[in-house]
Amino acid sequence: MDEFTISAGSLCLLSLVVGFIIQSVYRLFFHPLRKFPGPKLGAISHLYEFYYDVIYNGSYLFKIEQLHQKYGPVVRINPRELHINDPYYYEQIYAGSSRIREKDPRFIGVFTTPLPMVATVGHEHHRIRRGLLSSYFSRRALKKAELIIDQKVDRLLVRFHSAFKCHAVLPLQRVFAALAADIVSEYCYGASQGYLEQKVFQNQMIDAVNYVMSMCHINKSIPIIPKLLRCVPVGLMEKLGLQMADVIGVRNLIRRQAAKSLDKEWLSHDTNMLSKNVFDAIAAADVAPQEKTLRRLEEEGAALFGAGIETTARALTVAMFHLISDETMIRKLRDELKQVMLSPASRPTWAELEQLPYLTGVVNESLRLSFGLVARSPRVSPIESLAYGEYVIPPGTPVSQSAYFVHMNPQVFPEPESFNPERWIKAAEKGQYLSRFLVAFSKGSRQCLGMNLAYAELYLTLARIVRLVDMKLVGTTIDNIRVGRDLGHPAPKAGNFKVKVEVMGIASKS
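Quantities reported herein were computed from a predicted structural model and do not represent experimental measurements. (Residues numbered from 1 in each chain as written. Predicted model: local features only at pLDDT ≥ 70, side-chain atom pairs only at ≥ 80, totals over all residues. Heavy atoms only, no water.)

Turning to the packing of aromatic side chains, a few remarks are in order. Scanning the entire structure with this criterion turns up 19 aromatic pairs. Ring geometry for Phe62 and Tyr404: centres 5.6 Å apart, planes at 80°, overall edge-to-face. Of the two residues, Phe62 sits in helix α4 (residues 60–71) while Tyr404 sits in helix α19 (residues 403–407), which places them 342 residues apart along the sequence. A relative accessible area of 18% places Phe62 in the buried class. Relative accessible area serves as the criterion here: at 9%, Tyr404 is assigned to the buried category. An aromatic cluster is present here, built from Tyr48, Tyr51, Tyr52, Tyr56 and Tyr60 joined pairwise through their rings. Residue placement shows Arg139 over the ring face of Trp350; its charged tip is 4.0 Å from the ring centre. One cation-aromatic arrangement involves Arg368 over Phe413; the distance from NZ or CZ to the ring centre is 5.0 Å. (Phe/Tyr/Trp six-rings, centres within 6.5 Å; stacked < 30°, edge-to-face > 60°. Helix = DSSP H or I, 4+ residues; strand = E, 2+ residues; numbered from the N terminus. Buried < 20%, exposed > 50% of the residue type's maximum accessible area, 1.4 Å probe, protein only. Lys NZ or Arg CZ within 6 Å of the ring centre and 35° of its normal.)

The next point concerns the pairing of strand β2 (residues 81–84). On β2, burial covers both faces: Glu81 and His83 on one face and Leu82 and Ile84 on the other are all buried. The sheet contact formed by strand β1 (residues 74–78) and β2 spans four bridges and is antiparallel. Residue Asn78 lies in a different strand from β2, and its bridge partner there is Glu81. Joining the antiparallel neighbours β1 and β2 is a turn of two residues. With two bridges joining them, β2 and strand β8 (residues 398–400) adopt parallel strand pairing. Along β8, the bridge assignment pairs His83 with Ser400. (Pairing = 2+ DSSP bridges.)

Another aspect to go through is the UniProt feature "binding site: heme" (unreviewed entry) in the protein. Cross-referencing UniProt, the feature "binding site: heme" (unreviewed entry) maps to Cys448 in the present numbering. Of the residues examined, Cys448 reaches a relative accessible area of 33% and is grouped as partly exposed. Excluding anything up to four places from it in sequence, Cys448 contacts Arg130 and Phe441. (UniProt positions renumbered as here; feature names shortened; annotations may be inferred. Contact = heavy atoms within 4.5 Å.)

Shown next, in the form of structure tokens:
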């Protein structure tokens, strides 16, 4: 029996070794991507990527940067994916709706559920799901959002005033996360969790979003993990140290609002939906039954909530860090803001603020240096071959380009690490369309649905805070916000993204 066991084990091991050799030979010499440059280990196995992203904690982004320096603008970064480092080619990868682009099924593993629009693989299926919500996030529909943003910023200013009186040090990224969470929840669901009312800005929901993002590389490499986590009871998760109370509170809020919308079967999907919430849009009478189950509405709502918090809060934090750090810059912005804010009590509209070139430069730089996501989001052209120089990319090949490489390209953005609002003004004066290379919201048919809402938040929030509030940095340097790791979102080399401030003065609105 022992000899049989040993023989069976040896046979299994031998089979694995032979299988690996055969697979490696195929990937190196017979695979459709065999002629593309890149490291041989990366072509043979996904373990090459796993090593840098999981073992070395999100460092494959910078390894890819080195690979481009060695091999050129096109690199085979794993057995089945190409990465192209060319900002002028970005719109070919992330193309508009007239060209079919699907998500890479393997990439979907980074999400904890396949039901939201953001995790939808097929081009046509995604188009249908996006169509249900697109009018709700149009500029015309966001008139209601402006009122909500103003109300939430009012509350934020009250909190800043309280912090000023007691000399409190505030974690600015959490403050802005609370603001964004209250805006998104009230605009999308018609009810707010009241994060701006918390005595301490704990906001476990942002912790949960960060936790999910930090697991993205593991989830992609081992997709069974998120499936197993969905089966783990909440109580056990709490015992394991996952702070779930706030997450559960948000999910319960989303579930209740979704259930209410599902009861309104008489609703139709028309222009009147602009006065409703996102669940009403998905649950309309003319929507296919499989698209409006309670679970799908709940998961779509959770995805919108998570996406609407972290990136907007990060952009606001990056903007304020650089403005506080540069007295000349903040003075120049304040002088410009006085054109539409004659007094501290003034409430300019989003449309008015967009006409201010320096503020627009600040908003664009905040998005450029906060990146949105730095994780690759590969696209697949299932029918069309793509051409890049001498290369023909076969249909069905996942192709990606990280926003990091576009935003940090020195040919497009000289001195890319510098926060320089003037670059946008000078580009406009020269007739250059620099916004083409601002890809924090991605591009094409899968561009971030909440982009307009995020822009409204950035303009309206920055204008009033810069006009009314004086702050100083406390124990914070550029290293606390500079990209050092790819954890889905950009993370510093050590610790967490954070900016601490003390409020030094606040103007009276009277």
